[in-house]
Amino acid sequence: MPETGINRSQLPIRRPPFAGATERTLSGSTPDWNQASHVLPPEGAPNVLLVLIDDAGFGNPSTFGGPIQTPNYTRLADNGLRYNRFHVTALCSPTRAALLTGRNHHRVGFGMVGEFSGPFPGYNATIPHDCAPFPRILQENGYLTGGFGKWHLTPDNQQGFSGPFDRWPTRLGFDYFWGFLGGEAGQYDPLIAENQKMIGVPAAKGPDPYYMQDDLGDQTIDWLHRVRSEKPTTPWFAYVATGCSHAPHHVPRKWSDKYRGVFDEGWDVMREQTFARQKALGVIPADAELPPRNDAFPTWDSLDETHKRLYARQMEVYAGYSENADWNIGRIVDAIDEMGELDNTVIVWIWGDNGASMEGTLTGTFNEMTTLNGIPLTPEQQMGLLFKQGGLEAWGGEQLAPHYSAGWAWAGNTPFDWGKQVASHLGGTRNPLVVHWPSGISDAGALRSHYTHVNDIGATVLDLAGIPMPDSVDGVQQQPFDGVTFADSFSDPAAPERHTQQYYEILGNRAMYKDGWLYCQRMPRIPWTFDPEALKKFGPGWDPDADPVELYYLPDDFTQSKNLAADHPDKTKELAELFWAEAGRNNVLPLLGGLTSFFGMTPPLPEVSKFVFRGDIQNIPSGMIPRIYNHSYTISADLVVPEGGAEGVIVAEADHLGGFSLFVQDGLLKHTYSMLGVFVYTQAAELPLPTGEVAVELVFTADAPKPATGGEVTLLVNGEPVATGRMEHTVPARFSGYSGMDIGRDNGLVVDRSYADKAPFAFTGKIKQVVFDVAPDLTDEDRHALNEHAAQALAAHAASA
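Along every chain, residues carry numbers that run from 1 in the direction the sequence is written. Reporting in this predicted model follows two pLDDT cut-offs: at least 70 for local features of residues, and 80 or more for side-chain atom pairs to be given and counted; totals over whole chains, interfaces and linings ignore these cut-offs and use all residues. Note that the side-chain values use all heavy atoms of the structure and ignore hydrogens as well as water.

Let's shift gears to the overall build of the chain. A helix here means a DSSP run of H or I that spans at least four residues, while a strand means a run of E at least two residues long, and both kinds are numbered starting from the N terminus. From N to C terminus, the chain includes 15 helices and 30 strands. At 27 Å, the chain has a C-alpha radius of gyration in line with the 28 Å of a compact globule built from 801 residues. The principal-axis extent of the C-alpha atoms belonging to the chain is close to 85 × 80 × 55 Å. Counting across all 801 residues of the chain, residues that qualify as buried make up 63%. By the convention used here, residues are in contact when the closest approach between their heavy atoms is within 4.5 Å. Restricting the contact set of the chain to residue pairs at least 6 apart, pairs at least 24 apart contribute 76%. In this tally Asp and Glu are treated as negative and Lys and Arg as positive; neither His nor the chain ends contributes. Working definition for charges: the position is that of NZ of Lys, CZ of Arg, CG of Asp or CD of Glu. Side chains of the chain give 59 positive and 97 negative charges; the mean places of these two sets differ by 2 Å. Based on C-alpha atoms, the radius of gyration is set beside the globule rule, defined as 2.2 Å times the residue count to the power 0.38. We call a residue buried when its accessible area falls under 20% of the maximum for its residue type, exposed when it is over 50%, and partly exposed in between, using a 1.4 Å probe and counting protein chains only.

Structure follows, in structure tokens:
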């Protein structure tokens, strides 16, 4: 029965007019208890659990024929529906933006990722107020809303204590948020935010080390129990986005050891075996053809035994990491079942926000940040550094920040080609989807092949809840959804396919789908190459129409393996023109608008060069630290050293795989700088610090304002030099994708392992202030060059986040 009396088209919903009567006293006054009530969702609205796995491919979970055991995903699929033609954008933040807003990703500013906000509407990483996310619509309609895990929709320079907070989860529709704001997190030492506060690295709850994915399950279950204890019948919406399986690939040994030997035959065999299982399972058509092997990836047989063993271990860890994520989501589902609410909970579980990531390069890497900083390492160098950091058995542990070889990602995207970043091909854009809802699905275990897109989820959830898309939110007229509901396909396999047209574009890789046809152009760039030299050809003068053209008819070609462009020139031309029209309508233009710094469009010069930290300031997000990269800088501190001396960390950023620490140990002022674990530089005074009020300073004098510049380091005490040294290489873009900076201690994994047993090695004296000067000697010309180089490096990092 339709609702009456509530206007849900304008949010927030206004309180109904007073229907009682008032006299001078209570005598004769008539109460209207609606004045003390709040809005409730429409009667019968279901709970909703939305789950998003990170950086995973169509051919990864066993639920869709992959080698990774996902029994909980399969349990829901066998009692729900598998969708085998569900699509994402091919990159992290853009998919999340489309998922939560129901609009195309460029329309809401996310043609790139949140780490890099550019100067064009489609690339500003700022969700506009006229595109309210659907969780906000649920919240304003009375749903209880909680978000957990990866967010990745807050611009990098807005993740600190000072905000602004209007693009944080709690201002975009979530009553409660627990998770991390950036693109990744170490599973052993994440930088956790709760609501609008950074709380840092949580403590372990027992004898085992802290592990974030397990805590993610605990936090979600705790929230469900708490809200249900207070409001027994109000529908809730929970969004759970795992850090898995994004790098760093971290998982306890008990999970990775389950896969010992499973991948010894390599990625070529894994791809063939997955393809066969997919056909047997029925998640791909029986007549589907496996695209020919991609020459960008080496054959397994071309590798020597040492590298085979290394690569096999990489995949063992990735598989255990993924299975653990499945287990933790299973615990949440079990908790819902124990609450007696599983039948009336719609579970939407997407396995991957893009195809599996190829950003580990062909060799894989012990520290993913080497790739993201553009530091090329040979296989021999990777192997040497791996064993320096703990050896093969350390892969998956806290001492490494690993990413597997691109060959595993390619095989993990079976039966499609390419993967993450490549929006022109299904390996980047098609991911598994499972929907479970006992109250609304009649043919449990069935397959659905409706063409669906991540921007359809919001429209579908609102449809199921009986909540209309509002005309305005907070007085701002709303843009319509791009997505459409596919809720009727839950109960009707013959329901019409409503999503008939969709553009794709990420980093110049682009496609246009319409009525079964897929036109695409892949920019001729390997996804793991992001150096400026490789991108020069795509600057001014690049003709995107000259990129190779492909055309496929997907109803007859599930795997995108038969290029029909030469046979259908008219259709190719039609879809090419449609793409450019859609690109203009959706703020896709200019292509590569998220990489402007590579092509001379640099950010404004900074007006502030000094940053003063007073008090007990901890857990400053990595993207918010003073920009000390690629130029000279100073770090000074005013201390009070008690009689008998002091020890501990004055200031520390990140950890031993990339970071710096200025600290006092054995009474001596010291500085350690880790250039991503590849090089480690240390300077130490020979005489202990004096007592009383003491001024210490670190001066880095760069050779030149350029990426990864070398330079001289001087440590001073009360203005007098006490140690010097040279750093031949420095970090060009970012020390860490997640670890924070602390004043007066070194939280999480430490920068210098010599004080790891004393972590967080808090300073035992008093720190009055710490001052960074990031431009002590730069001219305006130098600053312009610095900005250009730094922005280029940051863009390279952001594109892979």
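Text resumes after the structure shown.
Another point: helix 4 (residues 212-230). The span expected for a helix works out to 1.5 Å for each residue beyond the first. Here helix 4 spans 27 Å end to end across 19 residues, near enough to the 27 Å set by a 1.5 Å rise per residue. Inspection of helix 4 places Met212, Gln213, Asp215, Leu216, Gly217, Gln219, Thr220, Ile221, Trp223, Leu224, Val227 and Arg228 among the buried residues, and these make up the whole buried set.

Below, the discussion takes up the sheet that holds strand 25 (residues 679-684). DSSP calls a pair of strands paired once it identifies at least 2 bridges connecting them. Strand order in this open sheet of 5 strands is 25-24-23-22-29, and the pairing throughout is antiparallel. The strands lining the two open edges of the sheet, one partner per strand, are strand 25 and strand 29 (741-743). Averaged over neighbouring strand pairs, the angle between their axes works out to 10° when direction is ignored. Axis definition: a line fit to C-alpha positions, over the contact stretch in the case of helices; interaxial angles, taken between N-to-C directions, run 0 to 180 degrees.

A separate point is the pairing of strand 23 (residues 658-665). With 8 of its 8 residues buried, strand 23 lies for the most part within the structure. The two faces of strand 23 match: Gly658, Phe660, Leu662 and Val664 on one face and Gly659, Ser661, Phe663 and Gln665 on the other face are all buried. In the sheet, strand 22 (residues 648-655) pairs with strand 23 via 7 bridges, with the strands oriented antiparallel. Its bridge partner being in strand 23, Gly648 is matched across the sheet by Val664. The turn linking strand 22 back onto strand 23 is made up of 2 residues. With 7 bridges connecting them, strand 23 and strand 24 (residues 668-675) associate as antiparallel partners. By the bridge assignment, Ser661 is partnered in strand 24 with Thr672.

Backbone-to-backbone hydrogen bonds pair the strands of a sheet. The strands run either parallel or antiparallel. Spatially, 10 strands are ordered 8-7-6-5-9-2-10-11-3-12 in an open sheet, and the strand pairing comes out mixed. Only two strands of the sheet have a single partner each, and these edge strands are strand 8 (197-200) and strand 12 (446-448). The sheet shows a mean angle of 15° between the axes of neighbouring strands, direction not considered. Bridge count between strand 2 (residues 47-53) and strand 9 (residues 236-241): 5 bridges; the pairing is parallel. Its bridge partner being in strand 9, Val51 is matched across the sheet by Val240. This element, helix 4, spans strand 2, strand 5 (144-150), strand 6 (176-180), strand 7 (192-194) and strand 9 of the sheet and lies at about 175° to strand 5.

It helps to recall that an α-helix has 3.6 residues per turn; residues three or four apart then point in one direction. Given a rise of 1.5 Å per residue, 15 residues ought to cover 21 Å, and the 20 Å separating the end C-alpha atoms of helix 6 (residues 267-281) matches this to within 8%. For helix 6, the complete set of buried residues consists of Trp267, Asp268, Met270, Arg271, Thr274, Phe275 and Gln278. One side of helix 6 holds all its buried residues, which, seen down the axis, span an arc of 160°. Buried residues along helix 6 sit against helix 7 (305-338) and helix 10 (406-412). Trailing helix 6 by a residue or two, Gly282 shows a phi angle of about 85°, which is positive. For this quantity, the arc is that covered by the directions from the helix axis to the C-beta atoms.

Bringing the confidence of the model for the chain into the picture now. Across the chain, each position has a pLDDT score giving the predictor's confidence in that residue, from 0 to 100. Mean pLDDT for the chain: 93, with 95% of residues reaching 70 or above. Contacts of residues 793-801 to residues separated by more than four positions or lying in other chains number 42 contacts, the stretch itself having pLDDT below 50.

What follows concerns unusual backbone geometry. Note: most peptide bonds trans; most residues except glycine with negative phi. Following Gly163, the chain continues to Pro164 via a peptide bond in cis, the omega torsion being 0°. Each neighbour pair has its own omega, and for Ala247 with Pro248 the value is 0°, a cis peptide bond. Mapped onto the elements, Pro248 comes out in the loop between strand 9 and helix 5 (253-256). Positive phi, close to 65°, is recorded for His152, a residue that is not glycine. Looking at the secondary structure, you find His152 in the loop between strand 5 and strand 6. Classification of His152 as buried rests on a relative accessible area of 1%. The phi dihedral of Asp474 falls on the positive side, at around 55°, and the residue is not glycine. Checked against the element boundaries, Asp474 lands in the loop between strand 14 (472-473) and strand 15 (476-477). A relative accessible area of 48% means that Asp474 is categorised as partly exposed.

Another aspect to go through is the pairing of strand 9. Two faces make up the sheet, and in a regular strand the side chains alternate between them. The element strand 9 is largely enclosed, with a buried count of 6 among its 6 residues. Residues Trp236, Ala238 and Val240 of strand 9 are buried on one face, and the alternating residues Phe237, Tyr239 and Ala241, pointing to the opposite face, are buried as well. Relative to strand 9, strand 5 is paired through 6 bridges, and the arrangement is parallel. Each bridged residue has a counterpart across the sheet, and for Gly146 the counterpart in strand 9 is Ala238.

On to the packing of helix 4 against helix 7, then. Across the interface, helix 4 lies against helix 7 with an axial gap of 9 Å and an inter-helix angle of 15°. On the basis of their axis angle, the class for helix 4 and helix 7 is roughly parallel. Helix-helix and strand crossings are classified by hand; for helix 4 and helix 7 the assignment is right-handed. Listed contacts from helix 7 to Gln213, Asp214, Gly217, Asp218, Thr220, Ile221, Leu224 and His225 of helix 4 are Tyr321, Asn324, Ala325, Trp327, Asn328, Arg331, Ile332, Ala335 and Ile336. Residue composition of the contact of helix 4 with helix 7, grouped by class: 8 nonpolar, 6 polar and 3 charged. Throughout this description, any angle smaller than 35 degrees is read as roughly parallel, any larger than 145 degrees as roughly antiparallel, any in the 65 to 115 degree range as roughly perpendicular, and the remainder as oblique. By convention the crossing between two helices is left-handed if the near helix lies anticlockwise of the far one by an angle smaller than a right angle, and right-handed if it lies clockwise. Ten residues, namely Ala, Val, Leu, Ile, Met, Phe, Trp, Tyr, Cys and Pro, are considered nonpolar, four, namely Asp, Glu, Lys and Arg, are considered charged, and the remaining ones, Gly among them, are considered polar.

Bringing the packing of helix 7 against helix 9 (residues 379-388) into the picture now. Direction vectors running N to C along helix 7 and helix 9 enclose 60°, while the axes themselves pass 12 Å from each other. Here helix 7 is positioned oblique relative to helix 9, judged by the angle of their axes. As helix 7 packs across helix 9, the resulting crossing turns out to be left-handed. Residues Thr306, His307 and Leu310 of helix 7 lie in contact with helix 9, whose contacting residues are Pro379, Met383 and Leu386.

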